[in-house]
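# Descriptive structure summary
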Amino acid sequence: QVQLVESGGGLVQAGGSLRLSCVASGSIFSYNHMAWYRQAPGNQREFVAYITRIGGTNYADSAKGRFTISRDNAKNTVYLQMNSLKPEDTAVYYCYMLVGVGNAYWGQGTQVAVSS
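Read on for an overview of the structure. Values in this document were obtained by computation on a predicted structure and should not be read as measured data. (Residues numbered from 1 in each chain as written. Predicted model: local features only at pLDDT ≥ 70, side-chain atom pairs only at ≥ 80, totals over all residues. Heavy atoms only, no water.)

Glancing now at the state of the cysteines. Tallying each qualifying case throughout the model produces one disulfide. The disulfide that involves Cys22 links it to Cys95, with 2.1 Å between the sulfurs. Between Cys22 and Cys95, the S-S dihedral sits near -85 degrees, and the bridge is therefore left-handed. Residue Cys22 is found in strand 3 (residues 18-26), and its partner Cys95 is found in strand 9 (residues 91-99); the two are separated by 73 residues along the sequence. Relative accessible area serves as the criterion here: at 0%, Cys22 is assigned to the buried category. (Disulfide = S-S within 2.5 Å. Helix = DSSP H or I, 4+ residues; strand = E, 2+ residues; numbered from the N terminus. Buried < 20%, exposed > 50% of the residue type's maximum accessible area, 1.4 Å probe, protein only.)

In this section: the pairing of strand 9. Taken across its nine residues, strand 9 has eight buried, putting it largely inside the fold. For strand 4 (residues 31-39) and strand 9, the ladder comprises eight bridges, and the chain directions are antiparallel. Paired with Tyr37 across the strands is Tyr94, a residue of strand 9. As paired strands, strand 9 and strand 11 (residues 110-115) are joined by three bridges and run antiparallel to one another. Residue Tyr93 lies in a different strand from strand 11, and its bridge partner there is Thr110. With four bridges connecting them, strand 9 and strand 10 (residues 103-106) associate as antiparallel partners. (Pairing = 2+ DSSP bridges.)

Scanning the entire structure with this criterion turns up six aromatic pairs. Centre to centre, the rings of Tyr37 and Trp106 are 5.0 Å apart; their planes meet at 70 degrees, and the pair counts as edge-to-face. Of this pair, Tyr37 sits in strand 4 while Trp106 sits in strand 10; the two residues are 69 residues apart in sequence, bridging distant segments of the chain. Between Tyr94 and Trp106 the ring centres are 6.5 Å apart and the planes differ by 85 degrees, which places this aromatic pair in the edge-to-face class. (Phe/Tyr/Trp six-rings, centres within 6.5 Å; stacked < 30°, edge-to-face > 60°.)

This part takes up the sheet that holds strand 1 (residues 2-7). Ordered in space as 1-3-8-7, the four strands form an open sheet in which the pairing is antiparallel. The open sheet has two edge strands with one neighbour each: strand 1 and strand 7 (67-72). The average angle at which neighbouring strand axes cross in this sheet is 15 degrees, direction not considered. Alignment of strand 1 against strand 3, held across six bridges, turns out to be antiparallel. Bridge pairing in strand 3 links Val5 to Val23. (Axes fitted to C-alpha atoms, helices over the stretch in contact; angles between N-to-C directions.)

Its identity is not glycine, yet Asn76 carries a phi of approximately 55 degrees, on the positive side. The topology assignment puts Asn76 in the loop between strand 7 and strand 8 (77-82). A residue is classified by how much of its surface remains accessible, and Asn76, at 33% relative accessible area, is partly exposed. Positive phi, normally seen in glycine, also occurs at Ser84, with a value near 50 degrees. Here Ser84 is to be found in the loop between strand 8 and strand 9. Relative accessible area serves as the criterion here: at 41%, Ser84 is assigned to the partly exposed category.

Following this line, the structure appears as structure tokens:
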């Protein structure tokens, strides 16, 4: 079993920054990649960014140039540095981990609110 715990959300003004963290625990030794998704009220959950076990990254177009995903394997932690935040970035941000083949896990989410 895998547990993911996010932190770092909050309220910030447009143009500000936040860093989200996700700590993983449990049977994670064979994880494939970790990612961040977000879900705004009334919208479907959408992909933000992922990072592979060996450090490869990919971003949604909305995140490119503003968000950076990174990980610390020694701490079993993935981060999402979010800069130049916009009101449309307001959402609940979820941590995701894929372990092995087809074993997907989600965190409980952390709220990010960006005021204009």
